[in-house]
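Chain by chain, the residues run as shown.
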Amino acid sequence: MNAIHIASFAPAAAKGKKEPAVEDFDLYCTALSALQWRKNGGTITMCCDRAFAEYYKLIGFESLWDNINVCVADDLEGIDPLMFWAGCKLLALREVDAPVVMLDTDFIVWNNPQFGEEIIAAHRENISDDIYPPLSFFRTKSHIIPDFSESVLPLNTAFLYIPDNDFKAFYTGQAIAFMKSAEKNDDFLKYMVFAEQRLVAMCADYTGTPVKTLLDKDVLFRPQSDFTHLWGAKQAMRDHPELRRDFVARCRARLINDFHDYAYIAEIIDGLQA
């Protein structure tokens, strides 16, 4: 199964940063995510803009993926990079053929699921007005959201398997049209998760496309050994250096023990933090 990692410098550039820079725990997770996917028998492509293509080649990361595909526009095709900081995911997904897995760089799949005709997402999410408000909340210049059901639960897309091109085109078309037409405002989170996570669930419901999830939303924090998702742990590691040191040490050991030919990646990451 082919998977894609995705990266765009546009959101960081909009905040004034001059060049890409990724934290050590994120780099370790990216490396393990790509290498474990390949170990499981899949192929994986890094879909990114020019800045990240140059960054990964500069630091010596290009061998992690089967290919680096510069298919994300540097300006996100005019999409506001602050409102839609993950908009690059929809642009990249549009450009690749299904069946395909869209995999966040902070998500590691230790054991592959069974792929079939169903969409597979990481898990469902509950609907709450502070994150997933009613459709009437959103303001767009011209795009009209179809008559989608508001009761269907959103899908977390840290992992998203799409089995066919027709659904992929419908979902990415709706999401990209929404992002390009959205009126500028400060509710970045609500607009981004609607475009990426609620629309995919609504599109699946609208088209009658079956969906399953890797994890039940009600047992997300119970022990399991099939998947690792950094998610909120990123901020915890920034706030607590001891957690960061422990996680990085465990990742380093796993990388060296499981992927001997890529042990140099640990030296690269450690060198970047020196």
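For the structure, see preceding data.
K.L.:
Break down the side chain of Gln174 for me, citing the residues and quoting the values.
P.N.:
For Gln174, the position within the fold is in helix H5 (residues 165-181). For Gln174, a relative accessible area of 14% gives the class buried.

K.L.:
Describe the packing of aromatic side chains, and please don't skip the residues or the numbers.
P.N.:
Under the definition given, this model contains 24 aromatic pairs. The interplanar angle of 85° and the centroid separation of 5.8 Å between the aromatic rings of Phe52 and Tyr55 together place this pair among those described as edge-to-face. Highlighted residues: Phe52 and Tyr55, both in helix H3 (residues 50-59), separated by 3 residues, approximately one helical turn. Given the relative accessible area of 10%, Phe52 is considered buried.

K.L.:
Explain helix H4 (residues 87-95) to me, and be specific about the residues and the numbers.
P.N.:
Counting buried residues along H4, 7 of its 9 residues qualify, which places the element largely inside the surrounding structure. Of all the residues in H4, the buried ones are Gly87, Cys88, Lys89, Leu90, Leu91, Ala92 and Leu93. Structurally, H4 contributes buried residues whose contacts are with strand E1 (2-7), strand E2 (43-48), strand E4 (100-103), strand E7 (155-162), H5 and helix H6 (188-207).

K.L.:
Explain the packing of H4 against H5 to me, and be specific about the residues and the numbers.
P.N.:
Running from N to C, H4 and H5 cross one another at 140°; their axes reach a closest spacing of 9 Å. Considering only the axes of H4 and H5, their crossing is left-handed. Side by side, H4 and H5 meet where Gly87, Leu90, Leu91, Leu93 and Arg94 of the first sit next to Lys168, Tyr171, Thr172, Ala175, Ile176 and Met179 of the second. Tallied by class, residues from the contact of H4 with H5 come to 7 nonpolar, 2 polar and 2 charged.

K.L.:
Can you explain the nonpolar core? Please cite residues and give values.
P.N.:
Of all hydrophobic cores here, the largest spans 51 residues; its most connected members are Tyr56, Phe61, Leu64, Trp65, Phe107, Phe159 and Ile265. Top contributing element to this core by residue count: helix H2 (residues 24-39), with 9 residues. With residues near it in sequence (within four places) discarded, Phe107 still touches Cys29, Ser33, Ala122, Ala158, Phe159, Leu214, Phe227, Thr228 and His229. One finds Cys71, Val72, Leu90 and Ile119 within the second-largest nonpolar core, a separate group that totals 45 residues.

K.L.:
Mind laying out the sheet that holds E2, listing which residues take part and the relevant values?
P.N.:
With mixed pairing, 7 strands are arranged side by side in an open sheet as E3-E2-E1-E4-E7-E6-E8. The open sheet has two free edges, formed respectively by strand E3 (67-70) and strand E8 (211-213), since each of these has just one partner strand. Each adjacent strand pair in this sheet contributes to an overall mean axis angle of 30°, direction not counted. In this structure, E1 lies alongside E4, joined through 2 bridges in parallel fashion. Bridge pairing in E4 links Ala3 to Val101. This element, H2, spans E1, E2, E4 and E7 of the sheet and lies at about 165° to E1. The strands that H4 touches are E1, E2, E4 and E7; relative to E1, the one it contacts most, it runs at about 140°.

K.L.:
How would you explain the pairing of E7 if you had to name every residue and give the values?
P.N.:
When you tally the buried positions in E7, you get 8 out of 8 residues, the bulk of the element. Relative to E7, strand E6 (residues 119-124) runs antiparallel, the two being bridged by 4 bridges. Looking across to E7, one finds that Arg124 is bridged to Leu155.

K.L.:
An account of the state of the cysteines is needed here, citing residue identities and associated values.
P.N.:
Tallied over the full model, the rule gives 0 disulfides. Note on Cys48: no disulfide assigned, nearest cysteine sulfur contributed by Cys71 at a separation of 7.5 Å. Residue classification places Cys48 among the buried residues on the basis of a relative accessible area of 0%. Not part of a disulfide, Cys71 finds its nearest cysteine sulfur in Cys47, a span of 3.8 Å.

K.L.:
Kindly report on the side chain of Lys190, identifying the contributing residues and their values.
P.N.:
With respect to the helices, strands and loops of the structure, Lys190 is situated in helix H6. On the basis of relative accessible area, Lys190 is assigned to the buried category, the value being 17%. Apart from the residues within four sequence positions on either side, Lys190 is in contact with Asp129, Asp130, Ile131, Pro133, Phe137 and Phe138.

K.L.:
Can you explain the environment of Val96? Please cite residues and give values.
P.N.:
In this fold, Val96 is placed in the loop between H4 and E4. Assessed through its relative accessible area of 10%, Val96 is described here as buried. For the pair formed by Val96 and Phe227, sequence separation is 131 residues and the distance between their alpha carbons is 24 Å. Once you skip the residues sitting within four places of it in the chain, Val96 turns out to touch Ile4, Cys47, Asn165 and Lys168.

About the cut-offs
- Residues numbered from 1 in each chain as written.
- Predicted model: local features only at pLDDT ≥ 70, side-chain atom pairs only at ≥ 80, totals over all residues.
- Heavy atoms only, no water.
- Helix = DSSP H or I, 4+ residues; strand = E, 2+ residues; numbered from the N terminus.
- Buried < 20%, exposed > 50% of the residue type's maximum accessible area, 1.4 Å probe, protein only.
- Phe/Tyr/Trp six-rings, centres within 6.5 Å; stacked < 30°, edge-to-face > 60°.
- Contact = heavy atoms within 4.5 Å.
- Axes fitted to C-alpha atoms, helices over the stretch in contact; angles between N-to-C directions.
- Left-handed = near helix turned anticlockwise from the far one by under 90°.
- Nonpolar A, V, L, I, M, F, W, Y, C, P; charged D, E, K, R; others polar.
- Core = buried A, V, L, I, M, F, W, Y, C linked by side-chain atoms within 4.5 Å.
- Pairing = 2+ DSSP bridges.
- Disulfide = S-S within 2.5 Å.

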